[in-house]
Amino acid sequence: MVDLPESLSNIELSRRNRLVVYYLTGLVGLVMIYTITYNVALAQLEGVNQSIFASFEFIVQTMTTTGYGQDSDVWSHPLMFLFVAGTQISGIALGFFTLRLIIIPLFTGAEVNLDNRLTPKSDHVIICEYRRDSAVLLDELKELGIDYVLISSSEENAKALSDEGYSAIHGSPQDATAFERASIETARAIITDAGDANVNTILTARSLDSDIDIITLTDDSDMRDILLETGADTVLSPHGVLGHRLAEKAISSFRADLTDTIDIGGELEVTEVPIQQGNRLIGTRIRDSKIREETGANIIGAWIDGELQLPPDPDAIIRSNTVLLLTGAHEALEAFSDFTQPARTLRKHERIIIAGQGEVGQAAREVVSEEGLDVVTIDIEDDGGVDIVGDAGSEDILEEAGVETAGAIIIGLPDDSASLLTTVLARSLNRDIEILARVSDTDATRKALSAGADYVLSVPRVSARMVARELRGEDVLAPASQIRLLRAPATPLAGSTLAESGIYEKTGCRVIAIEDDSGLTSTVDPQREFTGSERIVLVGSDEAVQQFRKQFDVSPIESEN
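Below or above, wherever it landed, is the structure these notes cover.

Rules and cut-offs
Residues numbered from 1 in each chain as written. Predicted model: local features only at pLDDT ≥ 70, side-chain atom pairs only at ≥ 80, totals over all residues. Heavy atoms only, no water. Salt bridge = Lys/Arg side-chain N within 4 Å of Asp/Glu carboxyl O. Helix = DSSP H or I, 4+ residues; strand = E, 2+ residues; numbered from the N terminus. Buried < 20%, exposed > 50% of the residue type's maximum accessible area, 1.4 Å probe, protein only. Pairing = 2+ DSSP bridges. 1 Å grid on protein atoms, 1.4 Å probe; cavity = no way out; pocket = protein on both sides within 12 Å on 5 of 7 lines; lining within 4 Å. Points joined across faces, edges and corners; volume = space filled by probe spheres on them. Nonpolar A, V, L, I, M, F, W, Y, C, P; charged D, E, K, R; others polar. Contact = heavy atoms within 4.5 Å. Axes fitted to C-alpha atoms, helices over the stretch in contact; angles between N-to-C directions. Core = buried A, V, L, I, M, F, W, Y, C linked by side-chain atoms within 4.5 Å.

1. Here we look at the pattern of salt bridges
1) Next: A full pass over the atoms with the stated rule returns 19 salt bridges.
2) Next: In this structure, K159 and D163 form a salt bridge, with 3.0 Å as the shortest nitrogen-oxygen distance. Residue K159 and its partner D163 are located together in helix 5 (residues 155-163), separated by four residues, close to a single helical turn.
3) Next: Residue K159 is classed as partly exposed on the basis of its relative accessible area of 27%.
4) Next: A relative accessible area of 47% places D163 in the partly exposed class.
5) Next: Among the salt bridges present, the one from R206 reaches D233, with a minimum N-O distance of 2.8 Å.

Following this line, the structure appears as structure tokens:
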């Protein structure tokens, strides 16, 4: 459904579109003036009275040079000849302007000045060289109601984004004029993801505005202190966060106690449990799983065949690669773990393989090493900490790493094609191994699950959530997760019940807990009437949470974590 503005004054047009509106308005005005002038002149100077519509037809014919034979024999006064000649000349001139301003850009894409496409900016965010699937972040900002301008040094990339409707311009973020063109004087923050040029970008921005908030993304967590010292206010390392999360998921399969739960308040926790080969639940319908009866944990959602179901279809069959989303007290979630995997004890022959020793792999290795688990690392370069030098997409290399007896493999390769190949090979060599992977392209998530991965995280999604949390103070409970958990005020729901609000029907989000003065409760009564002072905890996909914010216009709650 298209959102219409409340009034015409709320419509924001780009510079080019404003020019087109001014041009068309002026053209209509000119034609009207010519029509009235001709009609009056014909009556006063030639003594010929005709309808205003006949005069309008004459003006249009003259300006478009399509002919006007019916009136040529009535002119005799010199001023009439001068007026007709002027009309003809202006018509030809307007034809050229129309061709250049509207026709050529419309049909040939000749517009190259991307600055002209920008709408007026204020309290916006300037994004420099975003390298993690720009559309994911820009769509996130759009849904959150945050205006932005993206500066890209690639003219091709900037034009492609602009053609798709995004506010993007071509320029170098190390050039002060690029920031000036992006209206830095009225911006609220700068996001820089310029790699090695981050320092240069920060210094350039600081030279123009010493107070503006600068958020820097980096793939090298060792650069954190340097970037902060240079002038960044916040440094985010999505790859590091993602690597930690994948490692936590892998470790949780080997330990007697759960380490990867998300605390949402009180005694309530949430966890994602990938169903691996050999799990006793495989082949069971959700309604027949008896999870709540046996453990006290509740199934609130499930990733089935790459689709998030909230709540899951009771008749859905749990398969390998299904990821169950559970909520309950910590003891209940541990009981579920024991219920499905009663032999959760670490054996000496079990190990975790980490393929790729970039930022993701190094972060994962840190977590695994701290737990004292056996770890084998693979990378094509012989850097410190690499046990096997070679291509993880090679069957021989995986066999050398002991994939046939390993308990899990974390795939942190930067290339999605290589990650998919490694996933397929690992699954073919060990049907019971747990496979956890990162992907660089959001669209590759479903492919990785189809290839045999148990748990997949997308770098663009994790990055966008982290940025959104910084910009909006969003209480995102777990940015590195397959699903999105959000705490939000219930103010828009005041005076209505959960059933009447239609949150799930309108957005796809599910309310899993409500917090009021008495504390947090996971017992969600659909008929409970909200006062507006409560806080609700929702779960959903990124798209569903964005839709929730859009539908209910919810302001963020400052995070207490």
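2. Thoughts on the pairing of strand 8 (residues 268-274)
1) Next: Burial of strand 8 is extensive: seven of the seven residues sit out of reach of the surface.
2) Next: Residues of strand 8 alternate between two faces, with L268, V270, E272 and P274 on one and E269, T271 and V273 on the opposite face, all of them buried.
3) Next: Pairing analysis gives three bridges linking strand 7 (residues 262-265) to strand 8, with the strands arranged antiparallel. By the bridge assignment, G265 is partnered in strand 8 with L268.
4) Next: Following strand 7, the chain reverses through two residues before pairing antiparallel with strand 8; G266 in that reversal takes a positive phi of roughly 60 degrees.
5) Next: Two elements, strand 8 and strand 11 (residues 323-328), share six bridges in a ladder whose sense is antiparallel.

3. Observations concerning the layout of surface pockets
1) Next: Its boundaries defined by the atoms lining it, the second largest pocket holds a volume of some 690 Å³.
2) Next: If you go around the second largest pocket, you meet 29 residues; those closest to its centre are N298, I299, I300, P311 and R510.
3) Next: Contributing elements (two or more residues each) for the lining of the second largest pocket: helix 10 (291-295), strand 9 (298-304), helix 17 (498-501), helix 18 (503-507) and strand 20 (510-516).
4) Next: Of the residues assigned to the lining of the second largest pocket, the class counts are 17 nonpolar, six polar and six charged.

4. A short note on the sheet that holds strand 14 (residues 388-389)
1) Next: One open sheet holds the six strands; their spatial order is 14-13-12-15-16-17, and the pairing between them is parallel. The open sheet is flanked by strand 14 and strand 17 (455-458), the only strands paired with a single partner.
2) Next: Note: strand 16 (residues 434-439) against strand 17, four bridges, orientation parallel. The residue bridging L436 from the neighbouring strand is Y455, located in strand 17.
3) Next: On the sheet, helix 12 (residues 359-370) packs against strand 12 (352-355), strand 13 (375-379), strand 15 (408-411) and strand 16 and is oriented at approximately 160 degrees with respect to strand 12.

5. Section: unusual backbone geometry
1) Next: With an omega dihedral of -10 degrees, the bond running from L310 to P311 counts as a cis peptide bond.
2) Next: When you line up the elements, P311 lands in the loop between strand 10 (307-309) and strand 11.
3) Next: In this structure, E129 takes a positive phi of about 55 degrees despite not being glycine.
4) Next: Mapped onto the fold, E129 is located in the loop between strand 1 (125-128) and helix 4 (134-143).
5) Next: Accessibility expressed as a relative area gives 17% for E129, which makes it buried.
6) Next: The backbone of S183 sits at a positive phi, close to 60 degrees, despite the residue not being glycine.
7) Next: Mapped onto the elements, S183 comes out in the loop between helix 6 (176-181) and strand 4 (189-192).

6. A short note on the nonpolar core
1) Next: Counting residues in each nonpolar core, the largest one holds 44 residues, and the members touching the most others are I127, I191, L246, I352, I410 and L471.
2) Next: A per-element tally of this core places helix 16 (residues 459-472) first, with seven residues.
3) Next: Setting aside residues no more than four positions away along its own chain, L246 makes contact with V360, I410, L436, A437, R438, Y455 and L457.
4) Next: Of all hydrophobic cores here, the second largest spans 26 residues; its members include V376, A437, A444 and L449.

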